[in-house]
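Survey of secondary and tertiary structure
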Amino acid sequence: MSAPVPTHCPYCALQCGMHLVPLPGGGAEVAARDFPTNRGGLCRKGWTSAALLTSPERLTTPLVREGGDRRRPLVPASWDEALERVVAGIRRAQAHKGPDGVAVFGGGGLTNEKAYQLGKFARVALGTSQVDYNGRFCMSSAAAAGTRAFGVDRGLPFPLEDLAAAEAVLLVGSNAADTMPPFLQHLAAQRERGTLVVVDPRATPTAQAAALHLQPVPGTDLALALGMLHVAVVDGLVDAAYVAERTTGWDEVRRLVLGGYWPERVERLTGVPAPDLRRAVHLLAGARTAMVLTARGAEQHSKGTDTVSAFVDLALALGLPGRPGSGYGCLTGQGNGQGGREHGQKADQLPGYRRLDDPAARAHVAAVWGVEPASLPGPGRSAYELLDALGTPEGPSVLLVHASNVVVSAPDARRVEQRLDALDLLVVTDLVLSETARRADVVLPTTQWAEEDGTMTNLEGRVLRRRRALDPPPGVRSELEVLAELAARLGAHRFSADPRRVFDELRRASAGGPADYAGITWERVEAGDGVFWPCPDEDHPGTPRLFLDRFATPDGRARFVPVHHRPVAEDRDAEHPLYLTTGRVLGHYQSGAQTRRVPELAAADPEAFVELHPDLALRLDVQEGEEVRVVGRRGAAVGRARVTPTVRPDTVFMPFHWGGAGRANLLTNPALDPVSRMPEFKVCAVRLERVGAHVPAHVPVQGAGA
Amino acid sequence: MTRVVVVGNGMAGARLAQEVLARDPGGRVRLTVLGAEEHPAYNRVLLSDVVAGKVVLEDIALPRAEAPHVVVRTGTTVTALDRDRQVVVAGGEEVPYDVLVLATGSLPALPPVPGLRDPGGALAPGALAFRTVDDGRALLTASGAATRAVVLGGGLLGIEAARGLVARGVPVEVVQAAPHLMDRQLDPDAGRVLARSLADLGIGVRAGARAVEVLRGPDGRVRGVLLDDGATVEADLLVLSAGVRPCTALAEAAGLAVDRGVVVDDQLRSVTDPRVHALGECAQHDGRVYGLVAPAWEQAAVLAGVLTGTEPSARYTGSHEVTRLKASGLHVAAMGEALAGEHEAEVVRFHDPARRTYKKLVIRDDRLVGAVLLGDLATVGTLTQLLDRRDPVPADRLSLLFAGRAPAAPADDDPSHLPDRATVCRCNGVTKGAVTACWLAGARSTADVAARTRATTGCGGCRDTVDGLVAWLRAGDPESTDAAPATPARGVPA
């Protein structure tokens, strides 16, 4: 047996440390590794992650449509043939529509090197502005709110170990017990002390671990936060000295919460009893150190940015950010959700978390890339807007998808399918034949995490080394190789396929930017437990804790942002009398493209399900385990009923890990946040029907009239 | 451009300005708000917090709608309105309108008790109403010097005032003419429970007692109140909180239809003149005049949609009234048809005076139409949602009276009581049965079990449980060399 290779789990943003032990017959075995984020722990996704390395469903050869005809099956092809089809399609689209005729869609699972290279590939090799990624669907609202308050967005501006020093924690819209189980170790102190407060419309395992669970109506977290701020003001819990010294904009926010968000009004908006609201605020304010953490539950709304701003305002009023053992943070979801949003695969950004509309940023990055600043396109469409425009007269007619399964993960999935089908060319690079790859014209097989080198940046802003533990199967190429080859065939050079060289280029491109990696080397990352950005030079120790002295705003002060509650984009009515909310289960990750192919995980949760309250089940005569249809304004999805009191009687829950008829995103609402362009995944209006009781429309009913 | 003039800068008028501004940032509507009071609009809901000393008066000013096309003029009393010429008269000035909105609110109804007023009509020194920000200011000043206070009126505001005064160290008695407190919202049993809660806080309650005379000292100052039962309540501070009456004089003088309030349709439009609207406490919709903030704000949203043309067909269909007492140590919620009795609807009640708890549900056609919660508000959020959204109530009515918690794991750490299918380690999906099987296959420690099942290797939260299971299995294993008792509580599952 070979020596264990220290690396990290391929899934969520916690990036648990693990060892991979290559096996003689191929594949590898996972072994525990003590790392600060997980202290040796792994959930079942991590323990079983190596199963996919040797999965029979693994793609090992490019696939193309027989005869280039979308209606005919995908068949194996040589790399040369597949890439030539891609290049020909790109050239055709560019000739017809110009550079923006080709679009690129990336993912928060890509390494920093790949995310960087994908953005550069779009702007330099394709010259297109049409590049965005699925991180837009993840933490973009928190990123926008963090930037406007603190001047920079780093999910956690402190290491996870600091959580132990927080006497109280408010966790908003996070079911960490299922989404990143080893994270719960960091909440042990608050659980023991009875100072963990969880806000969630569902009584999730995380909420059940809390001393106080606030269970608002879906889509009302913003009002809840403003109500908490109101209590802080009226009950004299605001840290006036901190507010005076370290913030701006308090007066307006103070006036706003006093004017409209007294607890009894908020109680009516949110369904959270005013006494519970008060208790939560006193619990936080009574602690010497406290943290406010948000996640997708607060963020995936058409008002997600404002919702996070309200919780940041609360944290600021209580004097938390920038103090040891205290603060505000966002629990980033995807494996490289943090790094993925820093290096230029986002429609409005350049590497180093620079802005694409900033002339100085353009000049800096263009110099690193050896191109004229003027040649860089401007900001393009955001993720959903990009998908929505595909194949339209104004939109791109070619799409390259990397590390994303948009047919399952994007909102209003049926619309997304229609747009993909309207493309002239869809190219998907993936490990397996995902639902999106199945619709592609060209599928390119790529390496897995255990077969490649690179870096990831976890939810703490800690840059980590992902290490190659074994050779990829023959026929498979890394995404860097694919991009380098495509760029070369398109006449653009200087695209290295070597991750280390790409990282060194990324360091130069990020130098001087908010997410400055200039001083981070692979050696430094390996020598310690990673390096925290910003790290402007090789003598700099990195920055585990931000904001201790100043915030990253021009005046060094954090900015209160005045925000108001507003209703959900799609409220329930007589025809659709229930809310649908979506989320994850412990055993699956994102669209499930990987985890559904791990036998042990698939066995634990084999198919889509719908959680409903016993009262609702009784009313609709739905039995546990029976198939039910969830019907919304954009489509319907089917799943097995799970009757549980953990969900509100006015709400049903569906996880979004499955394709086909069980797709929760057939229902979700693509109403976008005006700032972050985040879709409203977390709430839309639906009704529930029994599948068994339903007569399909195409079955003629005997004796029915004409 | 439409010129909209709003008469009244209280919670309704100010909210309307905010709602218009939010819908019409470009200024298709030119809005002028005329407020009689010198100070900006304030949040009256927080007046009790001011009296309780939690915030100061300056804090409760409402955010001002500020834009070139929204003008708020304070200290401007409207004295007349001329509907033919479409102008309102304020201090000799004429302000023209295309659309007029009356948001004149209401004034305290001062009981006709002898001694309360001087011949000139002024209140006796030591007596004051509790309604406006000026009242609040006066009450604060007076409470500093007062030794005993009496509150006339045992409604929401009267109780909040009493609570604030007692918090400031002033002994208080509440005199309520009706047989019990908050008689508009509470039935007699609930009113009595509330009175006991007040007593616990040191607030005396005299219900069913009418003040027949305000007693005054030689200096003319209030020294007490004589009640109709002959008793005297000594007090040097008298707070009047005996209801309100809508301010409709302008509307009446202008010939608009006025019943208790200005009569309006579903678009808050006067039934007499389509160019005049009314909202808030001066308006009467579908026979009802609302005295709470929430209905006024709901009306403001509808009217703003109509006036700005953003929702020209918006309709106001009435509000569910939810009354929430804002007074620390008192937990009171009353909503909808809270007074309904058994003959009118299905009524579910829980009455526990000793614990100062009273709960009532009023259900009709499987929908919640009213409720009362005293003492314990754990289900108040659920109830208001049910009332507002008209969702069907659950078959198990008790869950609406007592907060049901999601079934947590029972506080039973005896592993033998767990079923085999019970999940022990969530992170890795390990059941008790799997741990047992692991033991039978030779595992003899938590570490062994962890190595074979991965239990405890996620968040580590189940370590104690697995340790317990292993100890139990060891104790029950006849082949174990461990000195622990050979027979477990129950046999080892085969």
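Residues numbered from 1 in each chain as written. Chains lettered and ligands numbered in written order. Predicted model: local features only at pLDDT ≥ 70, side-chain atom pairs only at ≥ 80, totals over all residues. Heavy atoms only, no water.

Where charged atoms of side chains with opposite charge meet at close range, the side chains can pair. Counted according to the given criterion, the structure contains 84 salt bridges over all chains. We note a salt bridge from B:D273 to B:R83, for which the minimum N-O separation is 3.1 Å. Of the two residues, B:D273 is situated in the loop between β18 (262-264) and β19 (276-278) and B:R83 in the loop between β4 (78-82) and β5 (87-90); the sequence distance between them amounts to 190 residues. Residue class for B:R83 comes out buried when judged on its relative accessible area of 18%. Measuring nitrogen to oxygen at the nearest pair gives 2.4 Å for the salt bridge that ties B:R131 to B:E281. Remark: B:E281 occurs in the loop between β19 and β20 (283-285) and B:R131 occurs in the loop between β9 (127-129) and α3 (133-145); sequence separation between them is 150 residues. Here the two residues B:R131 and B:E281 agree in accessibility, since each one is buried. Taken together, the shared-partner salt bridges connect A:D80, A:E84, A:E485 and A:R489 into one network. (Salt bridge = Lys/Arg side-chain N within 4 Å of Asp/Glu carboxyl O. Helix = DSSP H or I, 4+ residues; strand = E, 2+ residues; numbered from the N terminus. Buried < 20%, exposed > 50% of the residue type's maximum accessible area, 1.4 Å probe, protein only.)

Turning our eyes to something else, we now look at the UniProt feature "domain: 4Fe-4S Mo/W bis-MGD-type" (unreviewed entry) in chain A. Under the local residue numbering, the UniProt record ascribes the feature "domain: 4Fe-4S Mo/W bis-MGD-type" (unreviewed entry) to residues 2-55 of chain A. For residues 2-55 of chain A, the end-to-end C-alpha separation is 21 Å, with 7% helix and 28% strand making up the annotated structure. (UniProt positions renumbered as here; feature names shortened; annotations may be inferred.)

If you walk through the whole model with that rule in mind, you get 16 aromatic pairs over all chains. Taken together, a centroid distance of 5.3 Å and an interplanar angle of 55° make the contact between A:Y11 and A:Y589 tilted. Of this pair, A:Y11 sits in the loop between β1 (5-8) and β2 (17-22) while A:Y589 sits in the loop between β23 (578-583) and α23 (599-604); the two residues are 578 residues apart in sequence, bridging distant segments of the chain. Of the residues examined, A:Y11 reaches a relative accessible area of 1% and is grouped as buried. Grouping aromatic residues by their ring pairs yields a cluster made of A:F150, A:Y328, A:F547 and A:F551. One cation-aromatic arrangement involves B:R444 over B:W439; the distance from NZ or CZ to the ring centre is 4.2 Å. (Phe/Tyr/Trp six-rings, centres within 6.5 Å; stacked < 30°, edge-to-face > 60°. Lys NZ or Arg CZ within 6 Å of the ring centre and 35° of its normal.)

All names here are of chain B. According to the domain assignment, chain B contains domain 1 (2-107 + 245-308), domain 2 (127-242), domain 3 (329-401) and domain 4 (423-476). Computed over C-alpha atoms only, the centres of domain 2 and domain 3 are separated by 28 Å. Each side of the interface is counted separately: domain 2 has 17 residues, and domain 3 has 15 residues. When the two sides are added together, the surface that domain 2 and domain 3 hide from each other amounts to roughly 1300 Å², 67% of it contributed by carbon and sulfur. The salt bridge involving R349 is made with D189; its shortest N-O contact spans 3.0 Å. (Domains from an automatic or database assignment. Contact = heavy atoms within 4.5 Å. Buried area = accessible area lost by both parts, 1.4 Å probe.)

This paragraph deals with helix α10 (residues 432-440) of chain B. All names here are of chain B. Every buried residue of α10 is accounted for by K432, V435, T436, C438 and W439. On an axial view of α10, the arc spanned by its buried residues comes to 160°, and they lie on one face. Here the buried face of α10 lies against β26 (423-425), β27 (430-431), α11 (446-453) and α12 (463-476). Positioned one or two residues after α10, G442 has a phi angle of 120°, which is positive. (Arc of directions from axis to C-beta.)

We now examine the sheet that holds β4(B). All names here are of chain B. Strand order across the open sheet formed by three strands is β4-β5-β6, with antiparallel pairing between neighbours. This sheet does not close on itself; its edge strands, each paired only once, are β4 and β6 (93-96). Within the sheet, the average angular offset between the axes of one strand and its neighbour, ignoring direction, is 25°. One ladder, built from four bridges, connects β5 with β6; its direction is antiparallel. Following the sheet pairing, V87 is matched in β6 by P96. (Pairing = 2+ DSSP bridges. Axes fitted to C-alpha atoms, helices over the stretch in contact; angles between N-to-C directions.)

Parts of the prediction with low pLDDT should not have their coordinates interpreted in detail. Per-residue confidence for chain A gives a mean pLDDT of 96; residues scoring 70 or more make up 98%. For the stretch residues 695-706 of chain A, pLDDT sits under 50, and the model shows one contact to residues farther than four places along the chain or on other chains. (pLDDT = per-residue confidence, 0-100.)

Once that is clear, we can look at the confidence of the model for chain B. Residues and elements named next belong to chain B. Predicted confidence across chain B gives a mean pLDDT of 91, with 95% of residues reaching 70 or more. Note on residues 405-410: pLDDT under 50 across the span, and six contacts to partners over four residues away in sequence or across chains. Below pLDDT 50 for its whole length, residues 482-494 participates in 22 contacts with residues either more than four positions away or in separate chains. The ipTM assigned to the predicted complex is 0.91, against a pTM of 0.94.

All names here are of chain A. Structurally, the position occupied by R597 is in the loop between β23 and α23. Owing to a relative accessible area of 10%, R597 belongs among the buried residues under this scheme. Here the side chain of R597 touches L433 through a polar contact of 3.1 Å, landing on its backbone oxygen. (Polar contact = N/O pair within 3.5 Å; in protein donor to acceptor, adjacent residues only side chain to side chain.)

Nonpolar side chains tend toward joint burial in soluble globular proteins. In this structure, A:L170, B:V88, B:L102 and B:L194 are the most contacted members of the largest nonpolar core, which totals 188 residues. Sequence-distant contacts of A:L170, that is, excluding residues within four places in its chain, are made with A:V197, A:V199, A:M228, A:L284, A:M291, A:V292, A:L293, A:F311 and A:L314. (Core = buried A, V, L, I, M, F, W, Y, C linked by side-chain atoms within 4.5 Å.)

All names here are of chain A. Partitioning chain A into domains gives domain 1 (5-54), domain 2 (63-137 + 336-443 + 480-532), domain 3 (154-330) and domain 4 (578-696). Between domain 3 and domain 4, the contact holds 23 residues from the first and 22 residues from the second. Overall, the association of domain 3 and domain 4 removes approximately 1800 Å² of surface from exposure, summing both partners, and the carbon and sulfur fraction of that is 56%. In terms of surface lost to domain 4, no three residues of domain 3 exceed R202, Q300 and S302, which account for 34% of the buried area on that side.

The subject of this paragraph is the pairing of strand β13 (residues 327-330) of chain A. Residue and element names in this part refer to chain A. The alternating pattern of β13 places G327 and G329 and Y328 and C330 on opposite faces, both of which are buried. Judged from the four bridges that link them, strand β12 (residues 290-294) and β13 form a sheet pairing that is parallel. Directly across from M291, in β13, lies its bridge partner G327.

What follows concerns the interface of chain A and chain B. When the parts of a complex come together, some accessible area is lost, and that lost area is often used as the size of the interface. Between chain A and chain B, the contact holds 49 residues from the first and 47 residues from the second. Taken over both partners, the interface formed by chain A and chain B buries close to 3600 Å², and the fraction arising from carbon and sulfur atoms is 50%. Its largest share of buried area at the contact with chain B, chain A owes to A:R255, A:W262 and A:R268, together 20% of the area lost on that side. Its salt-bridge partner being A:E267, residue B:R324 comes within 2.6 Å of it at the nearest N-O pair. At the boundary of chain A and chain B, one finds 19 residue pairs in polar contact (both at pLDDT 80 or more). Considered class by class, the residues forming the side of chain A that touches chain B number 22 nonpolar, eleven polar and 16 charged. (Nonpolar A, V, L, I, M, F, W, Y, C, P; charged D, E, K, R; others polar.)

What follows deals with the UniProt feature "domain: FAD/NAD(P)-binding" (unreviewed entry) in chain B. The sites that carry the UniProt feature "domain: FAD/NAD(P)-binding" (unreviewed entry) are, in the present numbering, residues 3-300 of chain B. Counting secondary structure, residues 3-300 of chain B comes out at 23% helix and 28% strand; the distance between its end C-alpha atoms is 17 Å.

It is worth spelling out unusual backbone geometry at this point. Residue and element names in this part refer to chain A. Put simply, W533 and P534 share a cis peptide bond, and its omega is -5°. On the secondary structure map, P534 appears in the loop between β21 (531-532) and β22 (558-559). At D412, a position not held by glycine, the phi torsion is positive, near 50°.

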